[in-house]
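# Architecture at a glance
So the chains spell out like this:
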Amino acid sequence: MSIPALFSGLFDDAALFPPGNAAMPDAVRGHARYRQDWYADLVARFVCPAGRLVELDGALAEFDGAPAGAGLPEISMTVPGGPAELAAALAIAGRCPRLRIGAVELPVSPGELATALDELGS
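Now for a description of the structure that goes with this document. Residue positions are given per chain, counted from 1 along the sequence in the order it is written. Thresholds applied to this predicted model are a pLDDT of at least 70 for local features of residues and 80 or more for the giving and counting of side-chain atom pairs; totals over whole chains, interfaces and linings are not thresholded and use all residues. Hydrogens and waters are ignored; side-chain quantities use all the structure's heavy atoms.

## Points about the overall build of the protein
Heads up, the condition is: Numbered from the N terminus, helices here are DSSP runs of H or I no shorter than four residues, and strands are runs of E no shorter than two. The reference for a compact globule is 2.2 Å times residues^0.38; the radius of gyration itself is calculated from the C-alpha atoms. The cut-offs for exposure are 20% and 50% of the maximum accessible area for each residue type, with area from a 1.4 Å probe on protein chains only; residues under the lower value are buried, those over the upper are exposed, and the others partly exposed. For this analysis, residues touch if any pair of their heavy atoms sits within 4.5 Å. Using a 1.4 Å probe, accessible areas were evaluated by the Shrake-Rupley method; residue-level cover was limited to the displayed protein chains.
Counting its secondary structure elements, the protein contains 4 helices and 4 strands. Listed N to C, the secondary structure of the protein is β-α-β-α-β-α-β-α in terms of helices and strands. The C-alpha atoms of the protein give 15 Å as radius of gyration, which agrees with the globular expectation for 122 residues (14 Å, within 12%). The dimensions of the protein, computed from C-alpha atoms along their principal axes, are 45 × 35 × 30 Å. Sorting the 122 residues of the protein into buried and exposed places 34% on the buried side. Partitioning the contacts of the protein with sequence separation of at least 6, the portion at a separation of at least 24 is 76%. Approximately 7000 Å² of the protein is accessible, and the part contributed by carbon and sulfur atoms is 59%.

## Observations regarding the side chain of His31
Mapped onto the fold, His31 is located in helix α1 (residues 24–34). Classification of His31 as buried rests on a relative accessible area of 1%. Ignoring anything within four residues of it in the chain, the contact list for His31 reads Asp13, Val43, Ala44, Arg45, Phe46 and Leu72.

## Regarding the nonpolar core
Spelled out, the test is: Buried Ala, Val, Leu, Ile, Met, Phe, Trp, Tyr and Cys residues form a nonpolar core when they are joined through side-chain atoms within 4.5 Å.
Ranked by internal contacts, the top residues of the largest apolar core, which has 25 residues, are Met24, Val28, Phe46, Cys48, Leu53, Leu56 and Ile75. Sorting the residues of this core by element identifies α1, β2 (43–49), α2 (53–59), β3 (75–78) and α3 (83–94) as the ones contributing at least two each. Here this core takes 4 residues from α1, the largest share from any one element. Setting aside its immediate chain neighbours within four residues, Leu56 contacts Met24, Val28, Phe46, Cys48, Leu72, Ile75 and Leu99.

## Examining the pattern of salt bridges
The following threshold applies: Throughout this description, the term salt bridge denotes a Lys or Arg side-chain nitrogen within 4 Å of a carboxyl oxygen of Asp or Glu.
What the rule picks out here adds up to 5 salt bridges. Between Asp26 and Arg29 there is a salt bridge, with the nearest N and O atoms lying 2.9 Å from each other. Here the residue Asp26 and the residue Arg29 both occupy positions in helix α1, the gap between them amounting to 3 residues, near one helical turn. For Glu74, the salt bridge goes to Arg100, with nearest N and O atoms at 3.3 Å. Of this pair, Glu74 sits in the loop between α2 and β3 while Arg100 sits in the loop between α3 and β4 (101–105), placing them 26 residues apart in sequence. A relative accessible area of 22% means that Glu74 is categorised as partly exposed. Judged by relative accessible area, Arg100 falls into the exposed class, the value being 52%. Members of the salt-bridge network, linked through shared partners, are Arg45, Glu74 and Arg100.

## Details of the packing of aromatic side chains
This is how it is decided: Only rings of Phe, Tyr and Trp enter the pairing, Trp through its six-membered ring, and a pair is recorded when the two centres are within 6.5 Å. The plane angle decides the type: under 30 degrees is stacked, over 60 is edge-to-face, the rest tilted.
Applying the stated criterion across every chain yields a total of 2 aromatic pairs. On the numbers, 6.3 Å between centres and 50° between planes, the contact of Tyr34 with Tyr39 is tilted. Judged by centre distance (5.4 Å) and plane angle (90°), the rings of Trp38 and Tyr39 are edge-to-face. Take Tyr39: its relative accessible area is 23%, and that puts it in the partly exposed class. An aromatic cluster is defined as three or more aromatic residues linked by ring pairs; in this entry it consists of Tyr34, Trp38 and Tyr39.

Now the structure itself:
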């Protein structure tokens with residue numbers, strides 16, 4: 001079955017968050033399965049809170065040496081504390097060799113937007 005381009009990457013995988021609250025290894029294995037199933041084109045990024053990046057990087061070790069596409073191509077990192085926690089979250093992500101950040105989700109007030117964009121650009 002072919003997924004229309006309009007729906008490609010429509011659903012982020014937020015298995016770590018309510019109502020699922022999956023354990024990290026289960027969530028990572030589940031995401032890998034989703035990316036191999038008939039609906040793989042619908043599945044977008046794996047969503048991970050900044051506070052769990054090191055745990056995610058460790059869980060991805062299971063896929064080292066696996067066929068291409070078995071791990072995560074890129075993730076969406078959430079930073080619930082907003083711009084005040086962004087630099088620290090990016091530093092942690094930079095020390096996780098198996099992670100590629102493709103999106104950052106954080107609450108930003110209009111007055112903080114320029115600063116947050118500068119941090120993301122550097």
